[in-house]
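A look at the structure
Each chain, letter by letter, is given below.
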Amino acid sequence: MSEMPKILLLSCCAPCACAVIKKLHDDGVDFAVAFYNPNIHPEAEYIKRRDEQKRLCEQWNIQFVEFEYNPDVWFKQTLPYKDEPERGKRCDICFELRLKRVMQYAKENGFEAVASVLGVSRWKNLAQVNAAAARASAQVGVPYVEIEGRKHGMQEARLALIKELQLYNQDYCGCVYSEQQARLRKAQQAENK
Ligand code: SF4
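Criteria and cut-off values
Position labels on residues start from 1 in each chain and follow its written sequence. Two thresholds apply to this predicted model, a pLDDT of at least 70 for residue-level local features and 80 or more for giving and counting side-chain atom pairs, whereas whole-chain, interface and lining totals are computed over all residues. We define a nonpolar core as a collection of buried residues of the types Ala, Val, Leu, Ile, Met, Phe, Trp, Tyr and Cys that are connected via C-beta atoms lying within 7 Å of each other. For every residue, the other C-beta atoms within 10 Å of its own C-beta are counted; 20 or more classify it as buried, 12 or fewer as exposed, and values in between as partly exposed. C-beta atoms are placed from the backbone. Working definition: helices are DSSP H or I runs of at least four residues, strands are E runs of at least two. Numbering for both runs from the N terminus. Throughout, a pair of residues is in contact if the C-beta atoms placed from their backbones lie within 7 Å. Whenever a helix is involved, its axis is fitted only over the stretch in contact; in every case the axis is a line through C-alpha atoms, and angles between N-to-C directions fall within 0 to 180 degrees. An angle below 35 degrees is treated as roughly parallel, one above 145 as roughly antiparallel, one from 65 to 115 as roughly perpendicular, and anything else as oblique. Helix crossings are classified by the rotation of the near helix relative to the far one: an anticlockwise turn of less than a right angle makes the crossing left-handed, while a clockwise turn makes it right-handed. Any residue outside Ala, Val, Leu, Ile, Met, Phe, Trp, Tyr, Cys, Pro, Asp, Glu, Lys and Arg is labelled polar, Gly included; the first ten of those are nonpolar and the last four are charged. Each residue gets a C-beta atom placed from its backbone. If that atom is within 6 Å of a molecule or strand, the residue is near it. A helix's residues, less one, multiplied by 1.5 Å, set its expected span. Pairing between two strands requires that DSSP report at least two bridges joining them.

**Some thoughts on the nonpolar core**
Counting 48 residues, the largest nonpolar core has L8, A17, A34, L99, V102 and V114 as the members making the most contacts within it. Among the secondary structure elements, those contributing two or more residues to this core are β1 (7-10), α1 (14-26), β2 (31-35), α2 (43-60), α4 (89-108), β4 (113-116) and α5 (126-140). Looking at this core, the element that brings in the most residues is α4, giving nine residues. Residues contacting A17, with those up to four places away along its chain left out, are S11, V33, Q53 and V117.

**Overview of the packing of α1 against α2**
At their nearest, the axes of α1 and α2 sit 10 Å apart, and the two run at 20° to each other. Compared by their axis directions, α1 and α2 come out roughly parallel. The two elements α1 and α2 cross, and the hand of that crossing is right-handed. Across from A14, A17, C18, I21 and H25 in α1, the residues of α2 making contact are E52, Q53, L56 and W60. Residue composition of the contact of α1 with α2, grouped by class: six nonpolar, two polar and one charged.

**Some thoughts on the site of the ligand**
Every residue close to the ligand is listed here: N39, T78, E86, R90, C91, C94, C173, G174, C175, Y177 and S178. Listing elements by their share of the shell around the ligand, those giving two or more residues are α4 and α7 (176-192). At three residues, α4 tops the list of elements feeding residues into the shell around the ligand. Across the shell around the ligand, the residue classes break down as five nonpolar, four polar and two charged.

**Some points on α1**
Across its 13 residues, α1 extends 17 Å between first and last C-alpha, which sits within 8% of the 18 Å expected from 1.5 Å per residue. The complete set of buried residues in α1 reads A14, P15, C16, A17, C18, A19, V20, I21 and L24. At its buried positions, α1 is contacted by β2, α2 and α6 (154-165). With its phi angle positive at about 75°, G28 sits one or two positions after the end of α1.

**Points about α4**
When the terminal C-alpha atoms of α4 are compared, their 29 Å separation across 20 residues agrees well with the 28 Å that a helix rising 1.5 Å per residue should span. Within two residues after α4, G110 carries a phi angle of roughly 75°, on the positive side.

**A short note on the sheet that holds β4**
Within the open sheet, the four strands sit side by side as β3-β2-β1-β4. Their pairing is parallel. Among the strands making up the open sheet, the edge pair consists of β3 (64-66) and β4. Within this sheet the neighbouring strands show an average axis-to-axis angle of 30°, counted without direction. Relative to β4, β1 runs parallel, the two being bridged by four bridges.

**Remarks on unusual backbone geometry**
Among all residues except glycine, the phi angle is most often negative; among peptide bonds, the trans geometry is most common. Geometrically, the link from H41 to P42 is a cis peptide bond, its omega value of -5° lying close to zero. Within the chain, N61 stands out as a residue other than glycine whose phi angle is a positive 60°. Considering the arrangement of structural elements, one finds N61 in the loop between α2 and β3. Positive phi, normally seen in glycine, also occurs at H152, with a value near 55°. Topologically, H152 is positioned in the loop between α5 and α6.

So this is what it looks like as structure tokens:
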């Protein structure tokens, strides 16, 4: 039996979440997966990532909670920071907004804590995610549990699961700005070849 509290895990996408979900499941933790990602653009991409996450949860018999898709709320808060690079101020707001919403749901639905996989990718600044989680936690009053997703073989496990389960793996974080920045990066790389 796990000593972990009942957790609501915010997932941004199946490829980031797969190894953490498997570990929690194998460890007998009582948890559900939350999908609140109004940052993802365009909607077709949101649907693709949501369906992939849902498929994984169904395959492993894990509760999946889909939230509303309300990009207007996300755009309103992040627009002043549209030109920020990834890991900048826009990401502070993006993380906090999503974590706060999931914490509110957790509070109203019998979960004891929230965790996330927002810092699993090597492109992310884990300290930035944890700071946003601490701000959200202080406002909503729900504890945030940091779950290891990078070290102790977790990255290797994640890459192996992506391959084994043939998970759809996107090449940008999620928002329209990160999509544009990724496209620009690719064009510059092609030009330098
Ligand atoms: S780059 Fe990713 S974390 Fe940052 S604002 Fe865009 S979607 Fe959110």
